Amino acid sequence: MFGVVLALLMIASIIMVSCWDIEEIEDLALISNIAFDVGEFKEYKMTVQILLPEALGGAGKSDGGSGESPVFVINAEGQTAFEANRKLREYLPKRPFYGNTMSAIIGEDLARQGVMPVLNILETDHEFRRSTQLFLATGQGGKVLEAKIRVMANPGDIPMGFVQTLPGISTTVTQNAGDFISQAVGNTMEPVMPVIRVIEADPEIGENPEVRVAGTAAFKKDKLVGFLDEKESGGLLWVLGRVDGVISFQAAKTNESVTIELTRSSSSIEALIDESGNLSVNINIRTEGNLADQTGFADLADPKIRRSIERRLAETIRQEIKSTLNKAQKELKTDVFGFGEVFFRTYPRLWSDTLEPQWDDIYPYIPVNIYVEAHVRRTNLTIEAPVVGGN
Amino acid sequence: MQEKISKGQFSKLVTLIIISTVFLTLPRRLALVAQWDSPISLVLGYGAAWFLGVIVIWLSLKHPNDTFIEYSKKILGPYLGSLFGIMVFLVIMNLNILTIRLAGATYIAAGYTQTPIIVFAGATVLLSVWILKEGIEVLARVAEFFYFPLILSIAILPLTVIDKLSLDNLFPLLAFGLEPVLSGAMLAFSIGIEHVFLVGLLISKIQNLDKKVYHQHLYGVVIGAFIILLMVASTIGVFGVADIQRFYLPPYQLAKVVEIGAFINGIEIILLGIWTIASLLEVTIFLYISVHILSQLIYVSYRDIIVPLAYLFLSMAMAPMDNHQVESEFTIVGQFGILPVALLLVAFLVPAQLFYQWKTKQKLGGDSNKEAK
């Protein structure tokens, strides 16, 4: 028995150190982020951002290293993403290692052609992860990897930094490769991606290009069909139940600007078919928040004023959703809300037999009812705003 | 050398042969036929497999000193009994070849692309030969040793992805009628009954054999089936049916999405460790069944044929050029051949046993009358 366990451990020790596949970390080029674009000479261009650990500084290097950039960006082209990856090695005497790759940036031109040929590698290859975050770049995706932001010592952390902070402002979505592929392959919901833009800088005065993430790219299957602006992205997030952050509006009675900090939100979508066979959708939103800021002097302890603000908040949310619905249903004609998914779960057989084959024709004309229940629970540390010249 | 096992070891062997490599491969195969109804199909299929196991235990308790090949010969006659034994041998041989190939192919798919497949498959077969040379008692203790680590590691995996689980992905249930449920149940049954042949061979090796063996069998099946159910439900819950249908090994993908805090990820290597043990146990148990059946068919010591048979299986597993070829050549007999064998078992062995009992009773009755006179 002891011998068997010992033998198993010995065999495991051979297998687990990789046998023929053994690789030392010094022989690997650690890729932080990648970008895919349409190639000039071949079908696809792959740009990789390689981390230079020695430039980041280590123990005893409080200055952050030697002063050189901790990332290095190169690109190569190929008929497939995999071939482009192999071509990179003509310029790189190390093997690119994608086990720590955090995000993939897709160029706009490639997104309009269809992204699945390049995203496939994120699911098929054993090094990549489905949790790799996706961004759509307006223009060239590779340019984004050259951008720098002063507060980020390592430019390789920029995309993931945005992924962590974006949910707090609700002006765009976050999307990982696994969910994107599932939605693009399935027939019940269309995928989206956050939009990242390079802000051009003047190199003559030593500025680096910076980036901004706002707005949402809407896809039909794997092809980009259009964009939702910040407000419309907020509307989408309300429907998906993923909204967070703040919302501002004009209070009806006092006409002052009010900002509500949202603390809790949820949504549910109901698919309905009436006796005549007409389809409709109900969207139910429930949200709570605190009054974070106001420009006027209204007494918020007054229940009438507070109820009026709650009504106005509900109306603002409804309008945001309506404008998003209008854009997605009538203009882009893409079901980014997942209405198809709800019809499928509620009426599976009807969906498979009748609705799914005609969904593209049905979806733009489905009437949608929006019900919003909004509550303002607290006014943070004050009850009344300070009134200039008041008693 | 000891050739007896305890009832507890028997139960653990039943659980491990049910989990074995199935926990990694079944979610996809089931999702392809039963889709959202996979959990229901699994329960039905494994329930039926348990019932078949009960029948085999009932038959075995009637012949406590014989394996099911030996008593098949007694109750069906030497020719039909041997024919039945040959059929079971062929089925298990095919399953073993599939498992040996899969044991190696999984490492290659997981990224060990430069290492020849024979290294992984050969190491697994070599170790299983060594275990079997030591006898069933050592196999039982190896199973006992790995039982808790294996079950806990597999059971913890769904807990680590609970934040990524969407209950919506598990529905709709029974939306497309009974056909997908029954097709899935048939598949689950064909995999679940692999344990029945082990049960048929092991009963005669159990110390202090009594009717408590029914309970031990039930525990073994329930724990094994529950772990598989957990894996099927969690992979569907996290990825959805459509994604699982595309994945080679869905639980491996599940391990890849585990992220605890910002620092624990990449735990798929642990799953590969579990796989190493699970595939070793499955290859060993299948090899044990094969050599025992063959030794009882051709009347030789099972220890003398372990090495040649293991070499034959390894060669057959390595001979095809690609995995698809292996699947197409060995799945038909291995996976789908098991169903007719199981049906034959119920349709022929049970009535034959009843007839045999009646005949023996008649004979004994006559003899005792004679003695009384």
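Residues numbered from 1 in each chain as written. Chains lettered and ligands numbered in written order. Predicted model: local features only at pLDDT ≥ 70, side-chain atom pairs only at ≥ 80, totals over all residues.

### Looking at the overall build of chain A
On a plain count of helices and strands, chain A comes out with 12 helices and 13 strands. Relative to its 391 residues, chain A shows a buried fraction of 37%. Of the contacts formed within chain A by residues at least 6 apart in sequence, a portion of 70% connects residues at least 24 apart. (Helix = DSSP H or I, 4+ residues; strand = E, 2+ residues; numbered from the N terminus. Buried ≥ 20, exposed ≤ 12 C-beta atoms within 10 Å, placed from the backbone. Contact = placed C-beta atoms within 7 Å.)

### Re the overall build of chain B
The secondary structure content of chain B amounts to 16 helices and 2 strands. Against the compact-globule benchmark of 21 Å for 373 residues, chain B has a radius of gyration of 21 Å, which places it among compact chains. When the backbone C-alpha atoms are referred to their principal axes, chain B occupies close to 85 × 45 × 35 Å. Counting across all 373 residues of chain B, residues that qualify as buried make up 48%. A separation threshold of at least 6 residues defines the contact pool for chain B, and within that pool the share at least 24 residues apart is 82%. (Rg over C-alpha atoms; globule rule 2.2 N^0.38 Å.)

### Regarding the environment of Gly-107 of chain A
Residues and elements named next belong to chain A. Along the chain, Gly-107 falls in strand β5 (residues 103-107). By the C-beta count within 10 Å, which is 26 here, Gly-107 ends up buried. Between the C-alpha atom of Gly-107 and that of Lys-143, which follows or precedes it by 36 residues, the distance is 9.2 Å. Residue contacts for Gly-107: discarding those within four places in its chain leaves Ala-35, Phe-36, Asp-37, Val-38, Ala-137, Gly-139, Gln-140 and Gly-141.

### Let's talk about helix α12 (residues 348-362) of chain A
Over its 15 residues, α12 of chain A extends only 16 Å from the first C-alpha to the last, a length that falls short of the 21 Å expected when each residue adds 1.5 Å. Helix geometry: α12 of chain A is bent most strongly at Leu-355 of chain A, by close to 65°, with proline Pro-357 of chain A lying one to four residues after it. (Expected span 1.5 Å × (residues − 1). Bend = angle between axes of the 7 residues up to and from the residue.)

### Observations concerning the interface of chain B and chain A
Counting from both sides, the interface comprises 29 residues of chain B and, opposite them, 24 residues of chain A. For the side of chain B that touches chain A, the secondary structure elements donating two or more residues are α6 (117-134), α7 (136-160) and α11 (241-246) of chain B. Here the side of chain B that touches chain A gets 6 residues from one element, more than from any other, and that element is α6 of chain B. A class-by-class count of the residues in the side of chain B that touches chain A yields 17 nonpolar, 7 polar and 5 charged. (Nonpolar A, V, L, I, M, F, W, Y, C, P; charged D, E, K, R; others polar.)

### Examining the pairing of strand β2 (residues 44-51) of chain A
Residues and elements named next belong to chain A. Here β2 lies mainly inside the structure; 8 of its 8 residues are buried. The two faces of β2 match: Tyr-44, Met-46, Val-48 and Ile-50 on one face and Lys-45, Thr-47, Gln-49 and Leu-51 on the other face are all buried. Where strand β1 (residues 28-38) lies against β2, 7 bridges are found, and the strand directions are antiparallel. Pairing of Ile-31 across the sheet is with Ile-50, part of β2. In this antiparallel pair of consecutive strands, β1 and β2, the connection spans 5 residues. The pairing of β2 with strand β3 (residues 71-78) spans 8 bridges and is classified as antiparallel. Looking at β3, one finds that Tyr-44 is bridged to Gly-78. (Pairing = 2+ DSSP bridges.)

### Considerations on helix α1 (residues 7-19) of chain B
Residue and element names in this part refer to chain B. If you check α1, its first and last C-alpha atoms are 19 Å apart, about what 13 residues at 1.5 Å a residue would give, namely 18 Å. With 11 of 13 residues buried, α1 lies mostly within the body of the structure. Of all the residues in α1, the buried ones are Gln-9, Phe-10, Ser-11, Lys-12, Leu-13, Val-14, Thr-15, Leu-16, Ile-17, Ile-18 and Ile-19. Residues of α1 that are buried sit in contact with α2 (22-34), α7, α8 (179-192), α9 (194-202), α10 (213-239) and α13 (268-298). Just beyond α1, the residue with positive phi is Ser-20, at close to 25°.

### As for the sheet that holds strand β13 (residues 368-378) of chain A
Residue and element names in this part refer to chain A. With mixed pairing, 4 strands are arranged side by side in an open sheet as β10-β11-β12-β13. Lying at the two open borders of the sheet, with one neighbouring strand each, are β10 (246-250) and β13. Sheet twist, expressed as the mean angle between neighbouring strand axes with direction ignored, is 35°. Note that strand β11 (residues 257-273) and strand β12 (residues 279-294) share 15 bridges and pair antiparallel. Residue Ser-268 lies in a different strand from β12, and its bridge partner there is Asn-284. Of the strands in this sheet, β10, β11, β12 and β13 touch helix α10 (residues 303-332), which is tilted by about 145° from β13. Packing of helix α11 (residues 339-346) onto the sheet brings it into contact with β11 and β12, and relative to β11 it is tilted by some 45°. (Axes fitted to C-alpha atoms, helices over the stretch in contact; angles between N-to-C directions.)

### Let's talk about the packing of helix α5 (residues 78-109) of chain B against α6 of chain B
Residues and elements named next belong to chain B. Relative to each other, α5 and α6 sit at 135°, their axes nearing to 8 Å. What the angle tells us is that α5 and α6 run oblique. When the axes of α5 and α6 are compared, the crossing they make is right-handed. Here Ile-100, Arg-101, Ala-103, Gly-104, Ala-105, Tyr-107 and Ile-108 of α5 come into contact with α6, specifically with Ile-117, Phe-120, Ala-121, Thr-124 and Val-125. Of the residues contributing to the contact of α5 with α6, the split by class is 9 nonpolar, 2 polar and 1 charged. (Parallel < 35°, antiparallel > 145°, perpendicular 65-115°, else oblique. Left-handed = near helix turned anticlockwise from the far one by under 90°.)

### Examining unusual backbone geometry
Residue and element names in this part refer to chain B. A cis geometry characterises the amide bond from Phe-171 onward to Pro-172, with omega recorded as 10°. Along the chain, Pro-172 turns up in the loop between α7 and α8. A positive phi is found at Ser-20, a non-glycine position, where the angle reads about 25°. Along the chain, the position of Ser-20 falls in the loop between α1 and α2.

### Some details on the domain arrangement of chain A
Residue and element names in this part refer to chain A. In terms of domains, chain A is made up of domain 1 (23-228) and domain 2 (230-391). Computed over C-alpha atoms only, the centres of domain 1 and domain 2 are separated by 32 Å. With 21 residues of domain 1 at the contact, the number on the domain 2 side is 22 residues. Of all the secondary-structure elements, those providing two or more residues to the side of domain 1 that touches domain 2 are β8 (210-220) and β9 (223-228). A total of 6 residues in the side of domain 1 that touches domain 2 trace back to one element, the largest contributor, which is β8. Its residues assigned to classes, the side of domain 1 that touches domain 2 comprises 10 nonpolar, 9 polar and 2 charged. (Domains from an automatic or database assignment.)

### Considering the environment of Ala-84 of chain A
By the secondary structure assignment, Ala-84 of chain A is in helix α3 (residues 81-88). Here Ala-84 of chain A is in contact with Tyr-44, Lys-45, Met-46, Ala-76, Glu-77 and Gly-78 of chain A, once residues within four sequence places are set aside.

### Some words on the environment of Arg-150 of chain A
Tracing the chain through its elements places Arg-150 of chain A in the loop between α6 (141-144) and α7 (158-165). Residues Arg-150 of chain A and Ile-34 of chain A, spaced 116 residues apart in sequence, show a C-alpha to C-alpha distance of 21 Å.

### So, the packing of α1 of chain B against α10 of chain B
All names here are of chain B. Between α1 and α10, whose axes approach to 8 Å, the crossing angle comes to 30°. Here α1 lies roughly parallel to α10, going by the angle between them. The two elements α1 and α10 meet at a crossing, and its hand is right-handed. Contacts between α1 and α10 involve Lys-7, Phe-10, Ser-11, Val-14, Thr-15, Ile-18 and Ile-19 on the former and, on the latter, Val-213, Gln-216, His-217, Tyr-219, Gly-220, Val-221, Ile-223, Gly-224, Ala-225, Ile-227 and Ile-228. In the contact of α1 with α10, the residues fall into 11 nonpolar, 6 polar and 1 charged.

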